Protein chains: 2
Amino acid sequence: MASPGSSFWSFGSEDGSGDPENPSTARAWCQVAQKFRGGIRNKLCTLLYGDWRLRCPEAFGEWFKRVPTGHLREDGLCLQLSQGDVNYAFLHSTDLLPACDGERPTLAFLQDVMDILLQYVVKSFDRSTKVIDFHYPNELLQEHNWELADQPQNLEEILMHCQTTLKYAIKTGHPRYFNQLSTGLDMVGLAADWLTSTANTNMFTYEIAPVFVLLEYVTLKKMREIIGWPGGSGDGIFSPGGAISNMYAMLIARFKMFPEVKEQGMAAVPRLIAFTSEHSHFSLKKGAAALGIGTDSVILIKCDERGKMIPSDLERRILEAKQKGFVPFLVSATAGTTVYGAFDPLLAVADICKKYKIWMHVDAAWGGGLLMSQKHKWKLSGVERANSVTWNPHKMMGVPLQCSALLVREEGLMQSCNQMHASYLFQQDKHYDLSYDTGDKALQCGRHVDVFKLWLMWRAKGTTGFEAHIDKCLELAEYLYNIIKNREGYEMVFDGKPQHTNVCFWYVPPSLRVLEDNEERMSRLSKVAPVIKARMMEYGTTMVSYQPLGDKVNFFRMVISNPAATHQDIDFLIEEIERLGQDL
Amino acid sequence: MASPGSSFWSFGSEDGSGDPENPSTARAWCQVAQKFRGGIRNKLCTLLYGDWRLRCPEAFGEWFKRVPTGHLREDGLCLQLSQGDVNYAFLHSTDLLPACDGERPTLAFLQDVMDILLQYVVKSFDRSTKVIDFHYPNELLQEHNWELADQPQNLEEILMHCQTTLKYAIKTGHPRYFNQLSTGLDMVGLAADWLTSTANTNMFTYEIAPVFVLLEYVTLKKMREIIGWPGGSGDGIFSPGGAISNMYAMLIARFKMFPEVKEQGMAAVPRLIAFTSEHSHFSLKKGAAALGIGTDSVILIKCDERGKMIPSDLERRILEAKQKGFVPFLVSATAGTTVYGAFDPLLAVADICKKYKIWMHVDAAWGGGLLMSQKHKWKLSGVERANSVTWNPHKMMGVPLQCSALLVREEGLMQSCNQMHASYLFQQDKHYDLSYDTGDKALQCGRHVDVFKLWLMWRAKGTTGFEAHIDKCLELAEYLYNIIKNREGYEMVFDGKPQHTNVCFWYVPPSLRVLEDNEERMSRLSKVAPVIKARMMEYGTTMVSYQPLGDKVNFFRMVISNPAATHQDIDFLIEEIERLGQDL
């Protein structure tokens, strides 16, 4: 099969001029034109040669058809499919590679997909576009036919589905998207994720993911160095999210204390108790439920008014459990709580864990990023004394979803805890060093490649680049805090400068400002944030989260991890909350 | 900020001709040229205008520099980076979006990444390229510097890393890659995965993944219809791989029988016993270890010579467990075992599960795809009686990694089992139908979007397209079986036509053919497959798996899920095994 590349690149040198009336030049140019994107093909050729298709029909298969080029917008972006010459209505997925003549349509199709994606990327950062084009589930189900059928659709329809899907997508990279802990869209991370998809492999063995396995090794070691474990020693894995990382930590902690649990189950061990703060992530309870420990055996330790675990309460509850004959086996401290962004006092927790010989886990899914900052890493002082750490680069470090690491101080424990020696994967007579086959360290068999985007971003930004990003986000959070702390109509949920980028506040509409602080006011205040949020989504201008917590009614939780956000976007958020909430 | 798109698309209409000496035409052309890929820019402009940069310098920023175009190969593919005009050595990730002037370098950078990926895609299907360019871990660690540093690297280095990473990648889409159950590279699936990366969102709420959540709903419902549950009713989720899907099934089965286990743990329930065949996937044991059930409580049921669970042994072991006072709570039948590709007799298993009121799970991670084929779906007869089914479209259906579904017949059970009501995510006062917030159905909090690639492929292929793919793979397996079953030097591990695409065989080199069937021969035979496999990897010509199983020494397990494979590739595999193994 001739490579279309050859006609693409090798024209021109022999005829030397650009004479459009020279037939061989025309043909060469038309061959070039095949590779250009969308409408530019038509424009290019029509400009030079008139109806070029008539002059070099041999350069085009039956699937190149003339379609109007009138679908170009004034701003040059292609509103409809850029099907300038390729008539995708005549093509199906079976015409693409590995089909025998599939190379040309494949390159055209993937390039057109890419053009759709690039448009979306550019729009994502454009403040004049909506963050979200919101539709209710029933509307969205009715407006389009999403059903799966027996018969194939042509590639024109497939490209249309790509556009439709992105039309309704939340622009999570938009400078005014603040809804989750994971925001932003890093261009190098995105490129790396595209490459990961293209490589389409599995992390379980070096055999089929040599580079990715080595990069995981290098990256986890670097993360352990940053945590402060000597020489970066220890173990770790990238897992499918912080909840699973936390569950893995609980699993390993239990195994360390009672290795017989692997074979004999919980029946063979005394009642185990885990401790975590009342502000900790719900995944600790989920993990305990799954592992057969039970949610009743997760003791929630009291927090101070800033959401930090109170060490004296931790010690009291540990003693209480021991007095009952239970076995405290895990304390999960949180470095960066989900709502308040609080950092538990890790040094005090470490002392208690040491005293009572309890596994110390740090859930730094959200706060781990601050370890990259000279200015802010003190907030995690003591993390180096942990036995295990969850750290999600897909949150504060802006790595595309998903990318969550579990780091474990003791080497070999993950393997002992989880290995089952599947002989079809981990053959002992392979010809390379088997320590690079990491698949038996986790519960998963197949494991998605999550490391490459982090590694490539780290290469591109350097540690200093992550540091600058994190310092900037924290500065923006402080900027927001300083604006609203004394502004009319705002009440802070807790006092003092934010420690992370979480800024928690109520917006109090004018009608409520005059009310006494009683139940009716609380009840009315609880309805404010949901209405403003719903309006935000319907206007599509910005998105920020809200929730109740304990005895505190619905309040906004602003978080900033988005590298695209600026002071102006913070100003905009405040204006928007007031615009949408002043009549409530 | 002006869109570069406008200069790209809007030239030409006013000047009407192609006169290269007309300065405005030249400028317009140069503006066009900016968008073209790599070396074509130079060729295009140099051909028409000589040193075009001198004529329209205003069209280019300081980062457009002249570099030699001599890096084009004869076949037109760009061997080195296609940095025709953009000098990436002067650019860093901080120059890309969301940087203020980041649009132009971003589009150039992402396009160049895409060109690297497209080259890789084309090469993946080219039989004249290697499946693998194998290097030992230490070599690979030494040949390149993979370390992470404080300082950023420029985008030229980043693009180089992309090329290096792909240079050593296993071409999992290559027509001669047969190493795992997941092979092949589907172009629509790949496009969908790129889009998923670009949308960069999370499945936990409709709020931030509206389309993906709906597509998950539609797709899971369709899969349940195909399983045969009335009207496609039931529940389900896409999870990070078959091992996790199986663990989720075990978790839900336990909760269904003893809901108190969620709060009280295993201490509150009697000893639970799970049953699965001795050929089943090791994830069942991993799951039992994790859930606090213990691997000793997973009873392995005997298989017949084809690797199918023997129902009478299942019933015997259930009775045995009950006599000991244990509680049988789960039978996991396998539809498509990992090594033999065997289908357990699901109808007989279903009868036993019904009789003893045990949750019936079917691990159809590998075999589920056969449900798409009218010709082969009978092998899963009885699956419609299961309480839960694991089905991995990333295996036999060729969806990019990863894409694993757990389907559950009873609606609402997953939610009851796993929910923790995190108020910061699942606010009860949202303005849309909360049943679309699926995040509390699973252990994970954040969940990667795995559905879009399956959905888009299904649209593109139709059910009939999957059927054709699966029928073809099974036909290829039978072709292989027919060639080797009577061929000199081959011994089948089990008799009879393969039921799935697994073909298990020994290659017996000439020197062993004359030996008696004794221990020495077995010992020598056990070393044959590892050596041939190591040679395959060093030559890079093909890859196929091997393993021992029970009392059977190392044998090859051929599996075919790759849509690119043909009869000639099967012939090639046989020739290659003989070429590489005849001297052993």
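Residues numbered from 1 in each chain as written. Chains lettered and ligands numbered in written order. Predicted model: local features only at pLDDT ≥ 70, side-chain atom pairs only at ≥ 80, totals over all residues. Heavy atoms only, no water.

A word on the packing of aromatic side chains. Under the definition given, this model contains 36 aromatic pairs over all chains. Consider the rings of A:F134 and B:Y432, whose centres lie 6.4 Å apart with planes at 45°: the pair is tilted. Of the two residues, A:F134 is situated in the loop between helix 5 (103-124) and helix 6 (137-143) and B:Y432 in the loop between helix 15 (413-418) and helix 16 (451-484); the pairing between them involves two chains. Judged by its relative accessible area of 5%, B:Y432 is buried. Joined through ring pairs, the aromatic side chains of A:F134, A:Y136, B:Y206, B:Y217, B:Y432 and B:Y436 make up one cluster. Residue placement shows A:R176 over the ring face of A:F572; its charged tip is 3.8 Å from the ring centre. Taking the ring centre of A:Y539 as reference, the NZ or CZ of A:R579 above it sits at 4.4 Å. (Phe/Tyr/Trp six-rings, centres within 6.5 Å; stacked < 30°, edge-to-face > 60°. Helix = DSSP H or I, 4+ residues; strand = E, 2+ residues; numbered from the N terminus. Buried < 20%, exposed > 50% of the residue type's maximum accessible area, 1.4 Å probe, protein only. Lys NZ or Arg CZ within 6 Å of the ring centre and 35° of its normal.)

Quite often, the size of an interface is put as the accessible area lost when its parts meet. With 179 residues of chain B at the interface, the matching set in chain A holds 178 residues. In this assembly, chain B packs against chain A so that about 15,500 Å² is buried in total across both faces, 67% of it on carbon and sulfur atoms. Across the pair A:D440 and B:K286 runs a salt bridge, and its minimum N-O distance is 3.1 Å. The interface formed by chain B and chain A contains 72 residue pairs in polar contact (both at pLDDT 80 or more). At 13 residues, the largest contribution of residues to the side of chain B that touches chain A is made by helix 5 (residues 103-124) of chain B. Here the residues of the side of chain B that touches chain A are counted per class, giving 99 nonpolar, 54 polar and 26 charged. (Contact = heavy atoms within 4.5 Å. Buried area = accessible area lost by both parts, 1.4 Å probe. Salt bridge = Lys/Arg side-chain N within 4 Å of Asp/Glu carboxyl O. Polar contact = N/O pair within 3.5 Å; in protein donor to acceptor, adjacent residues only side chain to side chain. Nonpolar A, V, L, I, M, F, W, Y, C, P; charged D, E, K, R; others polar.)

Turning our eyes to something else, we now look at the side chain of A:E207. Residue placement: A:E207 occurs in the loop between helix 8 (187-199) and helix 9 (210-227). Separated by 3.1 Å, the side chains of A:E207 and A:K430 make a polar contact.

A separate point is the packing of helix 7 (residues 155-167) of chain A against helix 8 (residues 187-199) of chain B. Following both chains from N to C, one finds helix 7 of chain A and helix 8 of chain B inclined at 10°, their axes separated by 11 Å at the closest point. Taken together, the axes of helix 7 of chain A and helix 8 of chain B are roughly parallel relative to one another. Where helix 7 of chain A crosses over helix 8 of chain B, the two elements pack in a sense that is right-handed. Contact residues: A:L155, A:I158, A:C162, A:T165 and A:L166 in helix 7 of chain A; B:V188, B:L195 and B:A199 in helix 8 of chain B. Partitioned by chemical class, the residues of the contact of helix 7 of chain A with helix 8 of chain B number seven nonpolar, one polar and no charged. (Axes fitted to C-alpha atoms, helices over the stretch in contact; angles between N-to-C directions. Parallel < 35°, antiparallel > 145°, perpendicular 65-115°, else oblique. Left-handed = near helix turned anticlockwise from the far one by under 90°.)

Attention shifts here to the relation of the copies chain B and chain A. Once turned by 180° and shifted 0.0 Å along the axis, chain B lies on chain A with an RMSD of 0.0 Å. The superposition operator between the copies reduces to a two-fold rotation axis. The rotation axis passes nearest to the C-alpha of B:L291 in chain B, at a distance of 2.0 Å. Both copies present the same face, since 99% of the interface residues in chain B are matched by interface residues at the equivalent positions in chain A. (Least-squares fit on C-alpha atoms with pLDDT ≥ 70 in both.)

This brings us to unusual backbone geometry. In this model, A:L97 is joined to A:P98 through a cis peptide bond whose omega is 10°. By secondary structure assignment, the location of A:P98 is in the loop between helix 4 (52-55) and helix 5. The residue after A:L401, namely A:Q402, is reached through a cis peptide bond having omega -10°. Within the secondary structure, A:Q402 sits in the loop between strand 7 (388-391) and strand 8 (404-408). Although it is not a glycine, A:N200 sits at a positive phi angle of roughly 40°. By the secondary structure assignment, A:N200 is in the loop between helix 8 and helix 9. Unlike most non-glycine residues, B:H421 shows phi in positive territory, near 55°. Positionally, B:H421 belongs in the loop between helix 15 and helix 16. Relative accessible area serves as the criterion here: at 52%, B:H421 is assigned to the exposed category.

Here we come to the packing of helix 5 of chain A against helix 5 of chain B. Packing of helix 5 of chain A against helix 5 of chain B brings their axes to within 11 Å, and their N-to-C directions diverge by 150°. Comparing the axis directions of helix 5 of chain A and helix 5 of chain B gives the class roughly antiparallel. The way helix 5 of chain A lies across helix 5 of chain B gives a crossing that is right-handed. From helix 5 of chain A, A:E103, A:L107, A:L110, A:Q111, A:M114, A:L118, A:V121 and A:V122 reach across to helix 5 of chain B, where they touch B:E103, B:L107, B:L110, B:Q111, B:M114, B:L118, B:V121 and B:V122. In terms of residue class, the contact of helix 5 of chain A with helix 5 of chain B is built from twelve nonpolar, two polar and two charged.

Turning our eyes to something else, we now look at the pattern of salt bridges. All names here are of chain B. Overall, the coordinates contain 53 salt bridges over all chains when judged by the stated rule. For E315, the salt bridge identified is with K355, shortest N-O distance 2.6 Å. Of this pair, E315 sits in helix 13 (residues 311-323) while K355 sits in helix 14 (residues 346-356), and the two are 40 residues apart along the sequence. A residue is classified by how much of its surface remains accessible, and K355, at 55% relative accessible area, is exposed. Of the charged contacts in the structure, one is a salt bridge between R487 and E578, with a shortest N-O distance of 2.7 Å. Of this pair, R487 sits in the loop between helix 16 and strand 9 (490-492) while E578 sits in helix 20 (residues 567-581), placing them 91 residues apart in sequence.

All names here are of chain B. The mixed open sheet is built from five strands, whose spatial order is 1-11-12-10-9. The open sheet has two free edges, formed respectively by strand 1 (177-178) and strand 9, since each of these has just one partner strand. As paired elements, strand 10 (residues 503-507) and strand 12 (residues 552-558) share three bridges and run antiparallel to each other. Considered in strand 12, the bridge of C504 is made with R557. Packing against the sheet, helix 20 makes contact with strand 1, strand 9, strand 10, strand 11 (543-549) and strand 12, and its axis sits at approximately 30° to strand 10. (Pairing = 2+ DSSP bridges.)

The next point concerns the sheet that holds strand 8 (residues 404-408) of chain B. Residue and element names in this part refer to chain B. The seven strands lie next to each other as 2-8-7-6-5-3-4, forming an open sheet whose pairing is mixed. Each having just a single partner strand, strand 2 (235-239) and strand 4 (298-301) make up the two edges of the open sheet. In this sheet, neighbouring strand axes are inclined to one another by 20° on average, regardless of whether the strands run parallel or antiparallel. Of the pairings in the sheet, the one linking strand 2 to strand 8 comprises five bridges and is antiparallel in character.

Of all five residues making up strand 2 (residues 235-239) of chain A, five are buried, and the element is well covered by its neighbours. Of the two faces of strand 2 of chain A, the one carrying A:D235, A:I237 and A:S239 and the one carrying A:G236 and A:F238 are both buried.

The next point concerns the environment of B:S283. All names here are of chain B. Along the chain, S283 falls in helix 12 (residues 283-290). By relative accessible area, which is 3% here, S283 ends up buried. In this view, S283 contacts A243 and N246; residues no more than four positions away in its chain are not counted. Within the structure, the side chain of S283 is placed 3.1 Å from the side chain of N246, a separation counted as a polar contact.

Glancing now at the domain arrangement of chain A. Each assigned domain of chain A is listed with its residue range as follows: domain 1 (84-159) and domain 2 (201-420 + 436-450). Computed from C-alpha coordinates alone, the two centres of domain 1 of chain A and domain 2 of chain A are separated by 40 Å. (Domains from an automatic or database assignment.)

This part is about the nonpolar core. A:F109 and B:F109 are the most contacted members of the largest nonpolar core, which has 326 residues in total. Non-local contacts of A:F109, meaning those with residues more than four positions away in its chain, are made with A:Y88, A:L96, A:L155, A:I158, A:L159, B:M187, B:V188 and B:A191. Counting 65 residues, the second largest nonpolar core, distinct from the first, contains A:I244, A:A442, B:F258 and B:A290. (Core = buried A, V, L, I, M, F, W, Y, C linked by side-chain atoms within 4.5 Å.)

Turning our eyes to something else, we now look at the UniProt feature "modified residue: N6-(pyridoxal phosphate)lysine" (unreviewed entry) in chain A. Residue and element names in this part refer to chain A. Per the UniProt annotation, the sites labelled "modified residue: N6-(pyridoxal phosphate)lysine" (unreviewed entry) are K395. Residue placement: K395 occurs in the loop between strand 7 and strand 8. Ignoring any residue separated from it by four or fewer positions in sequence, one finds K395 in contact with L181, S182, A365, W366 and S561. (UniProt positions renumbered as here; feature names shortened; annotations may be inferred.)

As a further point, take the state of the cysteines. By definition, a disulfide links the sulfur atoms of two cysteine residues through a covalent bond. Residue and element names in this part refer to chain B. In total, this model carries zero disulfides over all chains according to the counting rule given. C504 takes part in no disulfide bond, and the closest cysteine sulfur to it belongs to C303, at a distance of 13 Å. When its relative accessible area of 2% is taken as the criterion, C504 is described as buried. (Disulfide = S-S within 2.5 Å.)

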